[in-house]
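Listed below, chain by chain, are the residues.
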Amino acid sequence: MDQRYRLHSRPVADPRAIVQGPDFRITVLADGLVRLERSAEGAFEDRASAFAINRELPVPAFEVVETDSHLEILTDRLQLVYDRGPFSTSGLSVQVRGGVSSWHSVWRYGDQPADGDGNLGGTARTLDMIDGRLPLEPGVLSRNGYAVIDDSRTPLLEADGWVSPRPSDAEDLYVFGYGRDYPQALRALYALSGPQPLLPRWALGNWWSRYHRYSATEYLALLDRFADEGIPFSVAVLDMDWHLVDIDPKYGSGWTGYTWNRELFEDPPAFLRELHERGLMVTLNDHPADGVRAYEDAYPAMAKAMGIDPASERPVAFDVTDPKFLQAYFDILHRPLEEQGVDFWWLDWQQGPHSRIAGIDPLWMLNHFHFLDSARTGRRPLTFSRYAGPGSHRYPVGFSGDTITTWASLDFQPEFTATAANIGYGWWSHDIGGHMGGIKDDELATRWVQLGVFSPINRLHSVLSPFTSKEPWQFGAQAQQAMTSALRLRHRLLPYLHAMNHRAAHQGVPLVTPMYYEHPWAEEAYRARNQYAFGSQLMVAPITTPADRQLLLGAVTAWLPPGAWVDIFTELVYDGGRELRLHRGPDGIPVLARAGAIIPLDAVESPGNSTANPKELEVLAVVGADGSFELVEDDGIGPGDNPRRWATTPLAFDQDTGVFQIGPVQGNTICLPDRRSWTLTFLAHQAAGEPAVTVDGAAVPADTRQAGRRVSVRIADVPVSATIRVNLGERPQLAANDVEDRLFALAHRAQLSYEVKTRAYQAATAPAPLTIRLSQLQALDLGRSLEAAIFELLLARP
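Reading guide: rules and limits
Residues numbered from 1 in each chain as written. Predicted model: local features only at pLDDT ≥ 70, side-chain atom pairs only at ≥ 80, totals over all residues. Heavy atoms only, no water. Helix = DSSP H or I, 4+ residues; strand = E, 2+ residues; numbered from the N terminus. Contact = heavy atoms within 4.5 Å. Areas by Shrake-Rupley, 256 points an atom, 1.4 Å probe, with all protein chains shown as cover. Lys, Arg positive; Asp, Glu negative; His and termini not counted. Charge placed at Lys NZ, Arg CZ, Asp CG, Glu CD. Pairing = 2+ DSSP bridges. Axes fitted to C-alpha atoms, helices over the stretch in contact; angles between N-to-C directions. 1 Å grid on protein atoms, 1.4 Å probe; cavity = no way out; pocket = protein on both sides within 12 Å on 5 of 7 lines; lining within 4 Å. Points joined across faces, edges and corners; volume = space filled by probe spheres on them. Nonpolar A, V, L, I, M, F, W, Y, C, P; charged D, E, K, R; others polar. Buried < 20%, exposed > 50% of the residue type's maximum accessible area, 1.4 Å probe, protein only. Core = buried A, V, L, I, M, F, W, Y, C linked by side-chain atoms within 4.5 Å. Parallel < 35°, antiparallel > 145°, perpendicular 65-115°, else oblique. Left-handed = near helix turned anticlockwise from the far one by under 90°.

Draft legend 1. Spotlight on the overall build of the protein. On a plain count of helices and strands, the protein comes out with 15 helices and 41 strands. Referenced to the eigenvectors of the C-alpha coordinate spread, the extents of the protein come out at roughly 85 × 75 × 60 Å. Here the contacts in the protein between residues at least 6 apart in sequence split such that 70% fall between residues at least 24 apart. As displayed, the protein has an accessible area near 30600 Å², and 51% of this comes from carbon and sulfur atoms. Taking the average location of the 72 positive side-chain charges in the protein and that of its 99 negative ones, the two points are 2 Å from each other.

Draft legend 2. Quick peek at the sheet that holds strand 8 (residues 92-96). Strands sit in the order 5-6-7-8-9 across an open sheet of 5 strands; the sheet is antiparallel. Each end of this open sheet is capped by a strand with a single partner; those strands are strand 5 (63-66) and strand 9 (106-108). Each neighbouring strand pair of the sheet contributes to a mean axis angle of 15°, computed without reference to strand direction. Bridge count for strand 8 against strand 9 is 3 bridges, and the pairing is antiparallel. Counted as the bridge partner of Ser 93 is Arg 108 from strand 9.

Draft legend 3. The arrangement of the layout of surface pockets in detail. Estimated volume of the largest pocket: approximately 1100 Å³. Lining the largest pocket are 43 residues, and of these Ile 568, Phe 569, Thr 570, Asp 587 and Gly 588 sit closest to its centre. Tallying contributions element by element places helix 9 (residues 477-492) first for the lining of the largest pocket, with 8 residues. Of the residues in the lining of the largest pocket, the class split is 21 nonpolar, 11 polar and 11 charged. Roughly 930 Å³ of internal volume is contained in the second largest pocket. If you go around the second largest pocket, you meet 42 residues; those closest to its centre are Pro 138, Val 148, Ile 149, Asp 150 and Asp 151. When residues of the lining of the second largest pocket are traced back to their parent elements, those giving at least two are strand 9, strand 10 (147-150) and strand 13 (171-176). Here the element with the most residues in the lining of the second largest pocket is strand 10; it accounts for 4 residues. Here the residues of the lining of the second largest pocket sort into 22 nonpolar, 10 polar and 10 charged.

Draft legend 4. The pairing of strand 41 (residues 724-727), seen in detail. Burial along strand 41 is one-sided: Ile 724 and Val 726 are buried, while Arg 725 and Asn 727, pointing the other way, are not. The pairing of strand 34 (residues 659-662) with strand 41 spans 4 bridges and is antiparallel. Bridging from a neighbouring strand, Val 659 pairs with Asn 727 of strand 41. In this structure, strand 37 (residues 692-695) lies alongside strand 41, joined through 4 bridges in antiparallel fashion. Directly across from Val 695, in strand 41, lies its bridge partner Ile 724.

Draft legend 5. Region of the structure containing the nonpolar core. Membership of the largest hydrophobic core comes to 224 residues, with the highest contact counts inside it found for Phe 176, Tyr 329, Phe 454, Phe 534, Phe 660 and Ile 790. Setting aside residues no more than four positions away along its own chain, Ile 790 makes contact with Leu 743, Leu 746, Ala 760, Ala 764, Leu 777 and Leu 782. Counting residues in each nonpolar core, the second largest holds 19 residues, with Phe 24, Val 34, Tyr 82 and Leu 92 among its members.

Draft legend 6. Spotlight on the packing of helix 12 (residues 739-749) against helix 15 (residues 784-795). It is the contact of helix 12 with helix 15, at a shortest axis distance of 9 Å, that shows an interaxial angle of 165°. Judged on the interaxial angle alone, helix 15 and helix 12 are roughly antiparallel. Taken as a pair, helix 12 and helix 15 cross one another with a handedness that is right-handed. Where helix 12 abuts helix 15, its residues Val 739, Arg 742, Leu 743 and Leu 746 lie against Leu 786, Ala 789, Ile 790, Leu 793 and Leu 794. Within the contact of helix 12 with helix 15, the residues separate by chemical class into 8 nonpolar, no polar and 1 charged.

Everything listed here is a matter of geometry and, on its own, says nothing about what the molecule does.
Dropping the structure here:
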């Protein structure tokens, strides 16, 4: 294989980490991670596998105790006991030491506890045709403290870049024993299996996708309409109709294709150039399973490469297990299209895990080799395909398949996305809005787009139908406005998202993580299945059920960890440490920031398609606690693993002094504009006086505005290297909630009798102690929905 297809790996473990017998080998890879191998022939595997590529890890401290009957290995985190025989339930166990009860924390080979092993799940290959929930494959996080990845059947990576199937008789297990230290378990996974790559910044914007027979003229006109509406996109997706589909039946179906449909795209290079000039990157759909048939432009060259007489018109079969075919597949089928302007490929493999060689999954092969191939010119690599098992996090972005357009599907997607972090898979892309089936429902579509904005990838999509397209103007005025605002916000979030992209790649923390990731001992965190951390600064509780028809509000039960929280949209302040019902209108979902949070945004309210590092930034900040954030930006060149190509701007707030400091920037500032304007926006805060502003120690005038419950301070056109300090005064506080105004708005919009509205509003705002008001409201028998909405406001922060 060509050099570009050789994945960098360090598969051979340090001999000092190995405890070995004639037919077993145990490798202590970390204090909470052991590899268990058994082979009757004593043949052990030192090649990298699809899952494990880096076994050369620092050797942890461990103790070996041997008796006539057993072998015992102890680390700070686990205790392994093995009878040196064939792996068995009685002969091989690993107990997690400390932090988890001994009753539940012992893994025994082959045992399936009646109450489960506490595994919190990982992800699944696809959501194709799933309407609601589906079982998840295991991850490496478990409430019982242990998890196992069986690597016995995954392909092996040869030194020359090719792959081989596994011997059928060997056993190869990885036991993770980190208790409920979930971050460390995930770091161990990345150390062994490789980190998540850094995505190109443009991948974090909005993607437009639709299964539709577009022409070049129609597609470009659509993008121009989006621009006129102020709706930004960074990726243009072309589904299968870019190529010839209606072909002579003697060749089979037109599902697979590599020849442009010239009736729709008369000049493909010019079309792709137009997309790039509008600021979009381009991906084409590829269903490769049917190989190459004689009608294709590339057929003669492919046939010759595979030793087939082109005159025979014999099809070139798809065989990803043949290196000769794979080389031609890239060089003859894909390279010319990439030279025309295609940036990456949407690999739509739907034919299952079997190939001509047992144990070689075509999906994994496509993901692996396409990703490596996409980096051949020094570009930041990217592919777009379904999940193919543990280790797939190395090949982003994930395509979750053809989603059913129902509330049940929407309700599962937040949990599905967050739980994927448990196997290190951080970059799912869903069919936002639903792909097929279902009914027209403006509210459902709106809630899905709002979820998409706070998802790893936001890709709108729909099936081949004139009625299912996701342009915001295809919906009612209220939905159109909410969707447009959401899509604009996604591009404003790019500075935050790209900093979290760097965190995911270099610190091993996915963008989206379940609530229990940081709160492993809080039962409420496990109940909040649809709630998640969105990066280091935000917590999201999507609304995934229909609104109450009387209140006209959607609702979700959320858990707020201890501390003060502010919704970045409503600016309502909540005291944490409890579960509660959160209610929102169609214009937003609960997105909360803890006291001390710092969220950098593009300052332009309606940004265009460009994803370049912006000249103007707005930073949302929440007073009440110290906070810090590193704004990481880069030049977009190469894989992104060279810190010398980054610029890092520290953002910090000191609660005692009330000083917010920007800079000084560190690293490679060539990727940044020479000068920048900054707006600091303090949410739910009322300024006690005019903030004092200095730039590099010199006092400067600033534009300070109090708009509602937020204070904004703008510092215009300063050198990007400047250090800016904004002083709010000592110990600034969050503003009191404007409860009475919110109660009136709640009652006003409710579709209820005027008498009920009046009695509820009067009881809620009466000049009486809170306990008296709550008791009076309960006595009115208002119904659960209205009562819960009123209680949310009264009890947010008493």
